[in-house]
Amino acid sequence: MLSLSDAAKESGQSKSTIWRAVNSGRLPATRTYTGDYRIEPAELHRVFSPGASDGRATALSMKRDATDLERAEETSMQVQIERLFQVGELIRNELDNDRDAWRSQADRLRQLVGP
């Protein structure tokens, strides 16, 4: 089992990168009673592949294709965003009309009162 520092040296990553991978759940680790982390070397090499051209390890991509539900949610959110933009545009137009009406009224009052 490796400490965070040992895992960082072994993988060519920084200690903070290893900690972020552990903290996000991407890299499994065991906590000791002292609060230190212990990482299995096999898990470390599963997440950070050794042998990059610059001598540093590279993180493996855990990306997957979106599910039908995720695509439907994304479409629904896009529709909601479009509606919000439309509502914002209507409100802005109303405010512009109100501003113009108030400005017109102020101009008429200035004309009545004079300089």
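Not measured: the values here are computed from a predicted model.

### Thoughts on the overall build of the protein
Right, so step 1: Scanning the protein for helices and strands turns up four helices and four strands.
Right, so step 2: Each helix and strand of the protein, placed in order from N terminus to C terminus, yields the pattern α-α-β-β-α-β-β-α.
Right, so step 3: Every one of the 115 residues in the protein was classed for burial, and the buried ones make up 17%.
Right, so step 4: Of the roughly 9200 Å² of accessible surface on the protein, 54% is carried by carbon and sulfur atoms.

### A look at the packing of helix α1 (residues 4–11) against helix α2 (residues 15–24)
Right, so step 1: It is at 8 Å that the axes of α1 and α2 come closest, and there the two elements cross at 110°. On the basis of the axis angle, α1 is roughly perpendicular to α2. Here L4, S5, A7, A8 and S11 of α1 lie close against α2, whose contacting residues are K15, I18, W19 and V22.

### What about the side chain of S3?
Right, so step 1: Mapped onto the elements of the fold, S3 is located in the segment before α1.
Right, so step 2: A residue is classified by how much of its surface remains accessible, and S3, at 18% relative accessible area, is buried.
Right, so step 3: Apart from the residues lying within four places of it in its own chain, the contact partners of S3 are Y37 and R38.

### Looking at the pattern of salt bridges
Right, so step 1: Taken as a whole and assessed by the stated rule, the structure comprises six salt bridges.
Right, so step 2: A salt bridge links D100 to R99, with the nearest nitrogen and oxygen atoms 3.1 Å apart.
Right, so step 3: Owing to a relative accessible area of 37%, D100 belongs among the partly exposed residues under this scheme.
Right, so step 4: As a salt-bridge pair, D107 and R110 come within 2.6 Å of each other at their nearest N and O atoms. With D107 and R110 both in helix α4 (residues 68–113) and three residues apart, the pair spans about one turn of that helix.
Right, so step 5: The network of salt bridges with common partners includes D96, R99 and D100.

What counts as what
Residues numbered from 1 in each chain as written. Predicted model: local features only at pLDDT ≥ 70, side-chain atom pairs only at ≥ 80, totals over all residues. Heavy atoms only, no water. Helix = DSSP H or I, 4+ residues; strand = E, 2+ residues; numbered from the N terminus. Buried < 20%, exposed > 50% of the residue type's maximum accessible area, 1.4 Å probe, protein only. Areas by Shrake-Rupley, 256 points an atom, 1.4 Å probe, with all protein chains shown as cover. Axes fitted to C-alpha atoms, helices over the stretch in contact; angles between N-to-C directions. Parallel < 35°, antiparallel > 145°, perpendicular 65-115°, else oblique. Contact = heavy atoms within 4.5 Å. Salt bridge = Lys/Arg side-chain N within 4 Å of Asp/Glu carboxyl O.

Structural measurements only, silent on function.
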